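Breakdown of the fold
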Amino acid sequence: MPKPTPLRHHGNENLFLAVEMSVLSTLAGTPLHVHAEGLRGTGKTTVMRWARDTLPQIARIKGCQFQCDPQTPHCPVHSGLKAATTSFEKENMPMPFVEIGHGAKLGTVLGSIDLSRLTDRSRPEAALLPGAIPMAHRGIILVDEVNRLAETAPEITDVLLSVMGTKPGRVKIEEVGLPACEIDIASSVWAASNPDEDPGPLEDIRKQLADRFDLVVPVQRPSDAAIVERLLSRMPSEGASRMAELAEKALTLGQVTVPPAIVKYMAQLYVQRNVESLRAIEALELSSRLRATLEGRFEVSFDDVLSVIPLVLRHRVEPLTLSEILKDLELRRAAGAQVKPVSDTKDSSSEPPAKDGHAGRLNDPGPDGGSRQKENAATGTKHETPAIQTKAGDRTTPTWLQRLMSKYSSPSPGSGGAGASGRGVAQTPQLSDPKKTPPVSPPDPARRISYVPWEELVVPPEWKENPR
């Protein structure tokens, strides 16, 4: 009997989304690796293990231990047979789900000699017995406390690197007296860890393994007492699981397209934000298409990008950089402007002047998302450049950085609100003297920025003044 759905709340809703996207992607033949991070007792592993009892079914060649797809057989027994000319007997089975524990041996994870066939008195023969990973082809591999596994079992970690290195991954099974066997593995790896306990965050232990996770999902405790009451009352969770619908949605994933404007945004984001790994942009593109598929759409929108980009970049860029990216994307979307991460870094002196006499790229934002000032050598006039252009000819919309500076700044004496040229262009605000600023205690206990929900990092000031 399937276990009841864990209670969904604000602290774990992104994990449910990541699980659904990973199952959908795996059904479509492309793994999506998910890593859940959070304090102990927040239900990370509970959600992932619950999914085991709700996974949809797949078709395989009857009796194949390697879960061969009848259309594309890949195992040593069936790979030499043509699916078009061979009539395979098929069977349906739940999507494979295996869990690798910390006491697992390399032979049980990869594969070893099948002792039962070797000791068969009537017909002894040497043959391979597939391990947990080859038997999880087209399914899910769960690793709890993956940060500990990376430190205590480096040989198993190396196997995971091979499984997650490409899509599909590839492993090599070797035993004395038998020819080496290489086999493709199209499995999604799910993992959970508590980065606040020894040995620490996964990216500090095995950075190359951390980068292979497409999504890193922060999981937090419930913040609503009503959720805890429902949990203690064992009330059923709201909302039926969509797992049963994923098999049909997987057939449409290949039809979902990414508009050229979003492709350009992703490419510029990778280059100009100095994202180290190309896997980040590949994961962003795939995750955006998956979310659009779950919503029943055939074209990716910037809402899809905004929804998944915190999970894709959380473990790949610094928190401040991620905050700037999110604020830039959120403000542009809210303003209805065309989304562009950053401008070209070419000097505007090489650009032809615009009709108003300004440089052609005057209103392009700089790499830090803030404003730049262009000084005309002949007149000495300084033009301030907002980071956002909400509509044609509008160069007055302040950036989030300007708003922040103006909030904690005092006007310069004699400025009168006019620019150096008398055109009324505001001067850059001067920060107040910190010695004259009284200290104010924060209203809440300090939290690590990596554990602050991304929604709290991107709320524009006007939303706080006029809440929706």
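Residues numbered from 1 in each chain as written. Predicted model: local features only at pLDDT ≥ 70, side-chain atom pairs only at ≥ 80, totals over all residues. Heavy atoms only, no water.

Our focus in this paragraph is the packing of aromatic side chains. Taken as a whole, this structure holds three aromatic pairs when the rule is applied. Ring centres of Phe-97 and Trp-190 lie 6.1 Å apart, and the angle between their planes is 75°; on these two criteria the pair is classed as edge-to-face. Remark: Trp-190 occurs in strand β10 (residues 188-193) and Phe-97 occurs in strand β4 (residues 97-100); sequence separation between them is 93 residues. (Phe/Tyr/Trp six-rings, centres within 6.5 Å; stacked < 30°, edge-to-face > 60°. Helix = DSSP H or I, 4+ residues; strand = E, 2+ residues; numbered from the N terminus.)

We now examine the sheet that holds β4. In a beta sheet, neighbouring strands are held together by backbone hydrogen bonds and run either parallel or antiparallel to one another. Strand order across the open sheet formed by five strands is β4-β7-β10-β1-β11, with parallel pairing between neighbours. Looking along the sheet, the strands with just one partner apiece sit at the ends: β4 and β11 (215-219). Within the sheet, the average angular offset between the axes of one strand and its neighbour, ignoring direction, is 20°. Note: strand β1 (residues 34-38) against β11, five bridges, orientation parallel. Within the sheet, the bridge partner assigned to Ala-36 lies in β11 and is Val-217. Packing against the sheet, helix α1 (residues 13-27) makes contact with β1, β7 (140-144), β10 and β11, and its axis sits at approximately 150° to β11. (Pairing = 2+ DSSP bridges. Axes fitted to C-alpha atoms, helices over the stretch in contact; angles between N-to-C directions. Contact = heavy atoms within 4.5 Å.)

It is worth spelling out the pattern of salt bridges at this point. With the rule as written, the count across this model stands at 19 salt bridges. The closest approach of N and O atoms between Glu-89 and Lys-62, which form a salt bridge, is 3.3 Å. Placement of Glu-89 in the loop between β2 (57-61) and β3 (90-94) and of Lys-62 in the loop between β2 and β3 is noted, with a sequence separation of 27 residues between them. The class for Lys-62 is partly exposed, based on a relative accessible area of 46%. Three or more residues joined by partner-sharing salt bridges are found here, namely Arg-170, Glu-182 and Asp-184. (Salt bridge = Lys/Arg side-chain N within 4 Å of Asp/Glu carboxyl O. Buried < 20%, exposed > 50% of the residue type's maximum accessible area, 1.4 Å probe, protein only.)

This brings us to the confidence of the model for the protein. Here the protein averages 77 in pLDDT, while 67% of its residues score no lower than 70. Low pLDDT (under 50) marks residues 343-398, which in the prediction has 95 contacts with non-local residues, meaning those over four places away or in another chain. Segment residues 408-426: pLDDT under 50, and 23 contacts once partners within four positions in sequence are set aside and those in other chains are kept. (pLDDT = per-residue confidence, 0-100.)

A regular strand places its side chains so that they alternate between the two faces of the sheet. For β1, a buried count of five out of five residues is recorded, marking the element as mostly surrounded by other parts of the structure. Residue alternation in β1 divides its side chains into two sets, Val-34, Ala-36 and Gly-38 and His-35 and Glu-37, and both sets are buried. Where β1 lies against β10, four bridges are found, and the strand directions are parallel. Across the sheet, His-35 pairs through a bridge with Ala-191, a residue of β10.

On to the side chain of Asn-12. Along the chain, the position of Asn-12 falls in the segment before α1. On the basis of relative accessible area, Asn-12 is assigned to the buried category, the value being 4%. Of note is the side chain of Asn-12, whose polar atom sits 2.9 Å from the backbone nitrogen of His-9. The residues touching Asn-12, leaving out its near neighbours within four places in the chain, are Leu-7, Val-47 and Val-219. (Polar contact = N/O pair within 3.5 Å; in protein donor to acceptor, adjacent residues only side chain to side chain.)

A few words on the nonpolar core. The tendency in soluble globular proteins is for nonpolar side chains to be buried as a group. Counting residues in each nonpolar core, the largest one holds 59 residues, and the members touching the most others are Trp-190, Val-305, Ile-309 and Leu-313. Contacts of Val-305, omitting those with residues within four sequence positions, involve Ile-262, Tyr-265, Met-266, Leu-284, Ser-288, Val-300 and Leu-329. By size, the runner-up hydrophobic cluster in this structure holds 33 residues, among which are Cys-64, Val-146, Val-171 and Leu-209. (Core = buried A, V, L, I, M, F, W, Y, C linked by side-chain atoms within 4.5 Å.)

Scanning the entire structure with this criterion turns up zero disulfides. Summary of cysteine pairing: Cys-75 is not part of a disulfide, and the nearest cysteine sulfur, belonging to Cys-68, is at 3.4 Å. Note on Cys-75: relative accessible area 0%, which makes it buried. The thiol of Cys-181 is not disulfide-bonded; the next cysteine sulfur, from Cys-75, is found 8.6 Å away. By relative accessible area, Cys-181 is classed as buried at 9%. (Disulfide = S-S within 2.5 Å.)

Here the focus is the environment of Glu-151. Within the secondary structure layout, Glu-151 lies in helix α5 (residues 146-152). The contact partners of Glu-151, leaving out residues within four places of it in the chain, are Pro-199 and Ile-205.

Take the pairing of β10 next. For β10, the tally of buried residues reaches six of six residues, placing the bulk of the element in the interior. Judged by which residues are buried, β10 turns out to be covered on both faces: Ser-188, Trp-190 and Ala-192 on one side and Val-189, Ala-191 and Ser-193 on the other are all buried. Judged from the five bridges that link them, β7 and β10 form a sheet pairing that is parallel. Within the sheet, the bridge partner assigned to Asp-144 lies in β10 and is Ala-192.

Let us look at unusual backbone geometry. Cis geometry marks the peptide bond from Lys-167 to Pro-168, where omega comes out at 0°. Positive phi, close to 70°, is recorded for Arg-138, a residue that is not glycine. When you line up the elements, Arg-138 lands in the loop between β6 (128-130) and β7. Here the phi dihedral of Asn-274 falls at roughly 55°; this positive angle occurs in a residue that is not glycine. Mapped onto the fold, Asn-274 is located in the loop between α11 (260-272) and α12 (278-294).

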